[in-house]
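# Report on the structure
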Amino acid sequence: VHYFGRPDPALAYLADAAHRRQVRVIEDGAHAYLSALVCRSCGQVGDAVFYSLHKLFDVAQGGVLQVNAEDLLAKLRPGQAGHVQRAEWLSVFEEDPEAHAAARIRNYERLARHIRALAPAIVPFWSALPADTVPQSLPVRAATTALRDRLYFGLKAEGFAVASLYHTLIEPLRTGMFPISQELSGTMVNVPISASLDAEDLERLGQCVRVLVTERS
């Protein structure tokens with residue numbers, strides 16, 4: 001799973017271990033379309049990969065299934081609904097993928113500077129943007145669930161497309177066996193870094209975050 005656009009550091013190991021046992025590998029690239037397309041840091045070793053377009057682009061919905069294994073590809077009949085053999089999918093949106101990726105990285109770094117200044121109340125999930133990563137968002141950990149909620153609802157009220165991914169865990173993770181998952185679920189907020197945000201938007205977003213963090217509840 002390539003969370004927030006970061007290629008899973010264990011990808012090569014897991015894929016090799018699975019393939020040696022003749023087990024299929026499906027990469028969850030829902031957040032990592034641009035990391036795969038521009039950096040080629042994921043989406044290459046799995047037998048198949050799926051991507052969620054609406055989590056990166058200004059579209060309401062849409063997904064892509066990329067099949068790498070030739071034997072699986074042969075099972076897809078040309079002409080099936082949604083079937084894509086070879087296509088530059090980003091051309092549908094008339095976007096330059098490298099420019100889009102560069103804008104996301106630039107926006108991430110600009111906002112990260114604002115957020116690092118507010119530690120320890122909130123801190124970026126990564127101390128630095130991992131190599132070969134085009135970020136889906138800027139994941140931030142808040143000191144408390146109350147602060148996370150204040151950030152989430154406050155930024156929503158200001159019109160920003162903030163998210164709190166994994167705020168509701170699947171049932172198997174709700175037990176005491178997964179304390180780290182539970183802690184992250186209650187404290188993480190995903191600050192938007194869309195390529196469509198300009199310098200003025202980013203400055204306002206950074207100021208809104210600062211006010212929400214420093215205000216008294």
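Throughout what follows, the structure given in this document is the object of discussion. (Residues numbered from 1 in each chain as written. Predicted model: local features only at pLDDT ≥ 70, side-chain atom pairs only at ≥ 80, totals over all residues. Heavy atoms only, no water.)

### Comments concerning the packing of helix α4 (residues 97-116) against helix α7 (residues 199-214)
Let me state the cut-off plainly: Every angle, taken between N-to-C directions, lies between 0 and 180 degrees, and every axis is a line fitted to C-alpha atoms, over only the stretch in contact when it is a helix. Only runs of H or I of at least four residues qualify as helices and only runs of E of at least two qualify as strands under DSSP, and these elements are numbered from the N terminus. For classification, angles of less than 35 degrees are called roughly parallel, those exceeding 145 degrees roughly antiparallel, those between 65 and 115 degrees roughly perpendicular, and all remaining angles oblique. Crossing chirality is assigned from the near helix's rotation relative to the far helix, an anticlockwise turn below a right angle marking it left-handed and a clockwise turn marking it right-handed. Residues are treated as being in contact if the distance between any of their heavy atoms lies within 4.5 Å. Under the scheme applied here, ten amino acids are nonpolar (Ala, Val, Leu, Ile, Met, Phe, Trp, Tyr, Cys and Pro), four are charged (Asp, Glu, Lys and Arg), and all others, including Gly, are polar.
Where α4 meets α7, the axes come as close as 9 Å, and the angle between the chain directions of the two elements is 25 degrees. Judged by the inter-axis angle, α4 sits roughly parallel to α7. Considering the relative orientation of α4 and α7, their crossing is right-handed. Between α4 and α7, the residues in contact are Asn107, Arg110, Leu111, His114 and Ile115 and Ala199, Leu202, Glu203, Leu205, Gly206, Gln207 and Val209, respectively. The residue inventory of the contact of α4 with α7, partitioned by class, reads 6 nonpolar, 4 polar and 2 charged.

### A closer look at a negative patch on the surface
What counts, and what does not: Patches in this entry comprise residues that are over 30% relatively accessible and not in a salt bridge; like charges within 9 Å are linked, as are nonpolar side chains (Val, Leu, Ile, Met, Phe, Trp, Tyr) within 5 Å. The Shrake-Rupley method, run with a 1.4 Å probe, gives the accessible areas here. Residue values count only the displayed protein chains as cover. Whenever a carboxyl oxygen of Asp or Glu lies within 4 Å of a side-chain nitrogen of Lys or Arg, that contact is scored as a salt bridge. Asp and Glu count as negative and Lys and Arg as positive, but His and the ends of the chain are not part of the count. For this purpose, a charge sits on NZ of Lys, CZ of Arg, CG of Asp or CD of Glu. Three labels apply to residues, based on accessible area from a 1.4 Å probe with only protein chains included: buried if under 20% of the type maximum, exposed if over 50%, partly exposed otherwise in between.
A cluster of acidic residues, Asp58, Glu95, Asp96 and Glu98, forms a negative patch at the surface. Inspection of the secondary structure assignment puts Glu95 in the loop between α3 (70-73) and α4. Exposure remark for Glu95: the relative accessible area of 31% places this residue in the partly exposed category.

### Quick look at the pattern of salt bridges
Tallying each qualifying case throughout the model produces 7 salt bridges. Close ionic contact of Arg20 with Asp16 constitutes a salt bridge, the shortest N to O distance being 3.0 Å. On the criterion of helical spacing, the pair formed by Arg20 and Asp16 is a turn pair, its members being 4 residues apart in helix α1 (residues 11-20). The class of Asp16 is partly exposed, set by a relative accessible area of 42%. Note that Arg141 is salt-bridged to Glu183, the shortest N-O span being 2.8 Å. Within this pair, whereas Arg141 is found in strand β5 (residues 138-142), its partner Glu183 is found in helix α6 (residues 179-187), the two being separated by 42 residues in sequence. Note on Arg141: relative accessible area 28%, which makes it partly exposed. For Glu183, a relative accessible area of 43% corresponds to the partly exposed category. A single network of salt bridges, built from pairs that share partners, joins Arg24, Asp47 and Asp71.

### A short note on the sheet that holds strand β3 (residues 63-67)
Worth spelling out the cut-off: Only strands that DSSP links by at least two bridges are regarded as paired with each other.
Strands sit in the order β1-β2-β3 across an open sheet of 3 strands; the sheet is mixed. The open sheet has two free edges, formed respectively by β1 (26-28) and β3, since each of these has just one partner strand. On average, adjacent strands in this sheet sit at an angle of 15 degrees to one another, irrespective of strand direction. Direction of pairing for strand β2 (residues 48-52) relative to β3: antiparallel, over a ladder of 5 bridges. Directly across from Phe50, in β3, lies its bridge partner Leu65.

### Topic: the environment of Trp126
Position of Trp126 among the secondary structure elements: in the loop between β4 (122-124) and β5. When the C-alpha atoms of Trp126 and Ser196 are compared, they prove to be 23 Å apart, with 70 residues separating the residues in sequence. Look past the residues within four positions of Trp126 in its chain and what remains in contact with it is Tyr3, Phe4, Arg6, Tyr108 and Pro139.

### Section: the sheet that holds strand β6 (residues 188-191)
Ordered in space as β4-β5-β6, the 3 strands form an open sheet in which the pairing is antiparallel. Edge positions in the sheet fall to β4 and β6, since each of these pairs with one other strand and no more. Looking at each pair of strands side by side, their axes are set apart by 35 degrees on average, direction ignored. Those strands touched by α4 are β4, β5 and β6, and its axis lies near 10 degrees from that of β5.

### As for a nonpolar patch on the surface
Residues Val1, Tyr3 and Tyr166 make up a contiguous nonpolar surface patch of about 290 Å² in total accessible area. Mapping Val1 onto the fold places it in the segment before α1.

### Some words on a positive patch on the surface
A contiguous patch of positive charge, built from Arg106, Arg110, Arg113 and Arg116, is present on the exposed surface. Its location among the elements puts Arg110 in helix α4.

### A few points about the layout of surface pockets
Defined as follows: Grid spacing is 1 Å over the protein atoms alone, the probe is 1.4 Å, and a cavity is where that probe fits but cannot get out, while a pocket is an open set with protein on both sides within 12 Å along at least five of seven lines and lining residues have an atom within 4 Å of a point. Grid points are joined across faces, edges and corners, and a volume is the space filled by probe spheres set on the points.
There is about 420 Å³ of room inside the second largest pocket. In terms of lining residues, the second largest pocket is bounded by 21 residues, among which Tyr3, Phe4, Phe125, Tyr166 and Leu184 are the most central.

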